[in-house]
Each structure stands twice: as structure tokens, then as C-alpha cells.
Amino acid sequence: MTANMKQKIRYFIPILISLLLSNFAFASFVYIPMSDNNQSNHLKAYGITYWTLKNGLKAKWLLNYDGGAFLLEHNDEIVTECKIRGVSYRVISDTEAEQILTEISSPSKNMEAVLLEKAPKIAVYSPKTKLPWDDAVTMVLTYAEIPFDVVYDEEVLDEKLLLYEWLHLHHEDFTGQYGKFYGAYRSAPWYLKEKRNAEELATKLGYSKVSEEKLDVAKKIRNYVIGGGFMFAMCSATDSFDIALSADGVDICETMFDGDPSEANYQSKIDYSKTFAFTDFKLERNPVQYEFSSIDMTMKRRIQRTTDYFSLMNFSAKWDPVPTMLCQNHTQLVKGFMGQTTSFDRNTIKPTVLVMGENKTNGEARYIHGTKGKGMFTFYGGHDPEDYSHRVGDPKTELDLHPNSPGYRLILNNVLFPAAKKKKQKT
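What counts, and at which threshold
- Residues numbered from 1 in each chain as written.
- Predicted model: local features only at pLDDT ≥ 70, side-chain atom pairs only at ≥ 80, totals over all residues.
- Heavy atoms only, no water.
- Pairing = 2+ DSSP bridges.
- Helix = DSSP H or I, 4+ residues; strand = E, 2+ residues; numbered from the N terminus.
- Axes fitted to C-alpha atoms, helices over the stretch in contact; angles between N-to-C directions.
- Contact = heavy atoms within 4.5 Å.
- Parallel < 35°, antiparallel > 145°, perpendicular 65-115°, else oblique.
- Left-handed = near helix turned anticlockwise from the far one by under 90°.
- Nonpolar A, V, L, I, M, F, W, Y, C, P; charged D, E, K, R; others polar.
- Core = buried A, V, L, I, M, F, W, Y, C linked by side-chain atoms within 4.5 Å.
- Buried < 20%, exposed > 50% of the residue type's maximum accessible area, 1.4 Å probe, protein only.
- Salt bridge = Lys/Arg side-chain N within 4 Å of Asp/Glu carboxyl O.

### Concerning the sheet that holds strand β1 (residues 29-32)
(1) Moving on: Ordered by their spatial adjacency, five strands build an open sheet running β4-β1-β3-β2-β5, and the pairing between neighbours is antiparallel. Edge positions in the sheet fall to β4 (90-92) and β5 (112-116), since each has one partner strand and no second. Between one strand axis and the next, the sheet turns by 25° as a mean value, whatever way the strands run.
(2) Moving on: Here strand β2 (residues 59-63) pairs with strand β3 (residues 69-73) via four bridges, running antiparallel. Note that in β3 the partner of Trp61 across the bridge is Phe70.
(3) Moving on: Against the sheet, helix α2 (residues 42-54) contacts β1, β2, β3 and β5, and its axis sits at roughly 30° relative to β3.

Shown next as C-alpha cells:
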């Protein structure tokens, strides 16, 4: 090697090292795509974002960009977690991140970058004994590796909800009618056991009737939302919650549920001003009918499974970031699924409540959102987004088979959106 060549090598090595260090320094974000064809596990991607916030790192939710992508502060542990959990990602430079954010900020683009500040503390309202059906939210939180606490009536009545930013209600009956399972399952061992457990708990808490105890629980949850909490409900928790509030002080339970007859003409005593989402509904008086009221479309809908879909609404990301966050998905068309409360009759929804997902041809809403006091609530019809007609005793859904489920993504949108930085109100 000549002296001239050695001199050139000595000259270029510092430049090469400088370039390598420069590239490393600019590789300061982890980008998690969320569109249809570039994310191997949409559900676990939410868990990665939650993990990032939980560990004090910064994150942005890129609304309407690449399926609702996430931009995370670069950290080697995040990269490791993505690899372990099978989540698609790219490490990108400051320049690439800036280009993405510049495109999103354009007034001509229906996009927004929302700063996520703090991982919300999550509570799942569920009895301590295992139910004979599965809870979709519990399953997806576990699958996405998002931590949560289980609370039930004792904790709610003891004001423990104040410890949490987000509360989930699922397959629950707040009216004290044991899910209206009496007609088909009154002799089933699991039904008798659940009824006995509910009665024993009510007695322990100082109530003579389960319906009275459940009403007080519903009112505590109402106060939690009014005070600023976020509530997400699915299946029978949606309509039974509102029915219980509307029937405050009115006995709507028949003898087999609470030991005495219901009030005469109780329908005329229902107070719709006390509900969150529903109005002008008619209660189902028949105790053997598997239905609470006219809110639910299960018995009224005429639609085949092969054509059972609902559409997500488009909102302005810059002006309506909350419903936009709640509707982030890699498809606008989501498969329908059944439940005790499958969907909501549009005629029973208050005009102040926002419909975010609907089947127009069938006249039903599937996914609705509203505010109550300082808090917010979302109601999602159906039981399990990947089990069309889940029945008592059916095996649980294996989410490893559905890592890109659009229906389950809607649940996780609700889990994550309380983390979003709140915009200051203009005065």
C-alpha cells in the first residue's frame, strides 16, 4: 500500500465514522404501521404503545395515517418488545418522522398527530367467580399484554373507581333480572349458582334485593363518568345500565327475580332523562323473553350472516379527534357479530349521542359515543367480534387466530384514547 493510499484511508475513515454516528443519532423513532397489509399483529401493537407510555416514553397516534399508525420515542427495549410480540415496526430517522408529521399537519389532509401522555389505569367490572361466557375486553387486554384490575360491586360501592381512568362493563345485567336467562336456563346449574351468588352478595352489602344493589352500583358508575371517567360497555351492559338508571325507584322485576310482583303500569314511570344514551324505549315485560327492551335489535333484525357488516363513520381528525381516535382501523367495513344486545335501534338513541358505526340498510347502530358531565362513554353492541353467535358454554376465542381483527381494534381504540393529550378549551 502506497503512502498516498494510506493518507486517503486516514482521511475517509473519520468521515465514514461520522456518517454512521449521524445515521444512528437520527434513528430516534420507532414507527408502527397499522394499515391492512403492513402490520402482522394489530392488536399487540396497541400493547406496545401502552408499554411505551407505561415506561415514561413519548408516543404519538397518527390519526388516519397508515391505518392509525403509532410514532414512538426510540428505545432499544421497544424494539425488543416488538420482536418478541411479533409486531411490525421500522426504526426511522428524525428527518423521516418530520416528513410524516409535516404531511399530517397539512390543512388539506384529514389527519392529525395526537400526543399520548400517560397510560390510563384500567378497571374491568366483572364478578370474582368465572362466568360461563367470555369477556371480549378481558381477552383482548390479556392478549395485547395491557394490564388491568378486576373490580366488582364491593369495590364500586366503596368508591374504588376513583383509582382508575377507564372502566369496562360487559355481559352484565344492572336491572336485577339475571340477564333475562330465566326462560331458557332457569334450571341450569350455572344459572342457579350465579343467582345465588348475586343474592348472597346483595345481602352481604346490606340490600334486600339484587335489583336495588345493582341500581346503586349503576349510580356509582354514573357518578364516576360525570366526574371525568371513561366508560366502555358491550353487550347487555349497554342497555341494562341505562334501563336501571331510568327505572330508579320503580320495581320492574317480576316475582321470580326479586320475590314480589313488578309495579303496575311501570312503563309510564320510566324517566328517560336519567339515561346516558337511550330514550323512548319500551321495556320487555315477559319474564321468559330473552330481551330487556326495544333498544336491542337482536329480535328485529333481518340480516344474513354473510352480509352482516357495519360501516365506521368518517370524522374530521383535526376538529373531532375523539371520534376519529375511536374509529381508527385498517378497514371502514367491520364484520357484524351477535350478542344478548347485538345493536341499537336508531329510534331509541338520544340526538346528543354520536353514532360511529352503523348498518344503514337495517336501521341499526352498532357503535355509539357520548359525553356525560366531564366524562365520556362508548357503547359497542355485540358480544365477541370474532365469534358471530357466541353461546353459553362455547369455547373462548383464540386471538392468535385473529391478530388483525377490525372488531377488536375498536375495543383497543377505547382503551388507548384516554391517554391522549386534552386540548385546552377556548374561552
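Resuming the write-up.
### Some thoughts on unusual backbone geometry
(1) Moving on: One non-glycine residue with positive phi stands out, namely Glu159, at about 65°.
(2) Moving on: Considering the arrangement of structural elements, one finds Glu159 in the loop between α6 (153-157) and β8 (166-169).
(3) Moving on: Phi is positive for Cys235, which is not a glycine, with a value near 50°.
(4) Moving on: Its location among the elements puts Cys235 in the loop between β9 (230-234) and α10 (236-246).

### Focus on the packing of α2 against helix α5 (residues 136-144)
(1) Moving on: Running from amino to carboxyl end, α2 crosses α5 at an angle of 70°, the nearest separation of the two axes being 8 Å. Taken together, the axes of α2 and α5 are roughly perpendicular relative to one another. In this structure, α2 meets α5 at a crossing whose hand is right-handed. Every residue of α5 that contacts α2 at Leu43, Lys44 and Gly47 is listed here: Val140, Tyr143 and Ala144.
(2) Moving on: A class-by-class count of the residues in the contact of α2 with α5 yields four nonpolar, one polar and one charged.

### Considering the nonpolar core
(1) Moving on: Counting residues in each nonpolar core, the largest one holds 61 residues, and the members touching the most others are Ile32, Trp61, Met234, Tyr380 and Ile411.
(2) Moving on: Once residues lying within four places of it in the same chain are set aside, the contact partners of Met234 are Ala136, Val137, His168, Leu169, His170, Phe337, Tyr380, Gly382, His383, Pro385 and Ile411.
(3) Moving on: By size, the runner-up hydrophobic cluster in this structure holds 44 residues, among which are Phe241, Ala277, Phe377 and Phe379.

### Quick word on the environment of Asp76
(1) Moving on: Here Asp76 lies in helix α3 (residues 76-85).
(2) Moving on: Classification of Asp76 as exposed rests on a relative accessible area of 57%.
(3) Moving on: Linking Asp76 and Val30, residues 46 residues apart in sequence, is a C-alpha distance of 9.5 Å.

### Structural notes on the packing of α2 against helix α13 (residues 406-416)
For any two helices packed against each other, one specifies the crossing angle of their axes together with the interaxial distance.
(1) Moving on: Axis separation between α2 and α13 bottoms out at 9 Å; the angle between their running directions is 10°. The pairing of α2 with α13 is recorded here as roughly parallel in orientation. Contacts between α2 and α13 involve His42, Leu43, Tyr46, Thr49 and Leu53 on the former and, on the latter, Tyr408, Arg409, Leu412, Asn413 and Leu416.
(2) Moving on: The residue makeup of the contact of α2 with α13, split by class, is six nonpolar, three polar and one charged.

### Section: the pattern of salt bridges
Note on pairing: side chains with opposite charge can pair once their charged atoms come close.
(1) Moving on: In total, this model carries 22 salt bridges according to the counting rule given.
(2) Moving on: The shortest N-O distance in the salt bridge between Lys214 and Asp153 comes to 3.0 Å. Here Asp153 lies in helix α6 and Lys214 lies in helix α9 (residues 210-226), a separation of 61 residues in the sequence. Pair check on accessibility: Lys214 and Asp153 agree, each one buried.
(3) Moving on: Three or more residues are tied together by salt bridges with common partners; here these are Lys44, Glu81, Arg85 and Glu145.

That's the geometry; what it means functionally is another story.
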